[in-house]
Amino acid sequence: MPFRALRWAVPQIVGALALIVMLGFAPAPGGALLLVPLDGSAGLARAAVDRGALIVDRGPGSTLVVRGDLGILDWPLLRHGVLTLGAPALLCGDTA
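This one's a predicted model, so the numbers in the text were calculated from it and none came from an experiment.

### Remarks on the pairing of strand β1 (residues 32-37)
By the criterion of burial, β1 is predominantly enclosed, with six of the six residues buried. With four bridges joining them, β1 and strand β3 (residues 64-67) adopt antiparallel strand pairing. Across the sheet, the residue bridging to L35 is L64, located in β3. Across five bridges, the pairing between β1 and strand β4 (residues 82-86) is antiparallel. Paired with P37 across the two strands is V82, which belongs to β4.

### What about the sheet that holds β3?
Within a sheet, each strand pairs with its neighbour through backbone hydrogen bonds, oriented either parallel or antiparallel. With antiparallel pairing, the four strands of this open sheet are ordered in space as β2-β3-β1-β4. Pairing within the sheet leaves two strands with one partner each, and these edge strands are β2 (54-58) and β4. Direction aside, neighbouring strands of the sheet carry axes that sit 35° apart on average. As defined by bridge partners, β2 adjoins β3 across four bridges and the pair is classed as antiparallel. Of the residues in β3, the one forming a bridge with R58 is L64.

### A look at a nonpolar patch on the surface
Together, L38, W75, L78 and L83 make up an exposed nonpolar region whose accessible area comes to about 400 Å². Checked against the element boundaries, L83 lands in strand β4.

Rules used in this analysis
Here the residue numbers are simple positions, counted from 1 along each chain's written sequence. Residues qualify for local features only when their pLDDT is at least 70, as the model is predicted, and side-chain atom pairs are given and counted only at 80 or more; totals for whole chains, interfaces and linings, by contrast, use all residues. To obtain the side-chain values, all non-hydrogen atoms of the structure were used and water was disregarded. Residue burial is assigned from relative accessible area. The probe radius is 1.4 Å, only protein chains are included, and a residue is buried under 20% of its type maximum, exposed over 50%, and partly exposed in between. A helix here means a DSSP run of H or I that spans at least four residues, while a strand means a run of E at least two residues long, and both kinds are numbered starting from the N terminus. Two strands are said to pair when DSSP picks up at least two bridges between them. Axis geometry follows a simple rule: fit a line to the C-alpha atoms, using only the stretch in contact for helices, then measure angles between N-to-C directions, giving values from 0 to 180 degrees. Patch membership requires more than 30% relative accessible area and the absence of a salt bridge. Residues of like charge join within 9 Å; the nonpolar side chains Val, Leu, Ile, Met, Phe, Trp and Tyr join within 5 Å. What sets the accessible areas is the Shrake-Rupley method with a 1.4 Å probe; for residues, cover comes only from the shown protein chains. Any carboxyl oxygen of Asp or Glu within 4 Å of a side-chain nitrogen of Lys or Arg constitutes a salt bridge here.

Remember that the coordinates give geometry; whether it matters functionally is a separate question.
As structure tokens, this is what we get:
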């Protein structure tokens, strides 16, 4: 009997943890965004600034922390090989 309960509990726990992690990286309205270059960092700052982003700080590695409108930045930057995520303070420092 305990095996059946465990068999259903594990996927639910994993799903809940995945949702919590995804929400942690979901950008808050007006919050900081973490720009992650997928194919190198050449031109990352220029591509972001050209689309109205304000550079706040460097993130970990070759990433940038910016403030800007996710709707304007997301798809154009993705086409340039840049992934746009929410910038959690835990990973990027306090950017407020």
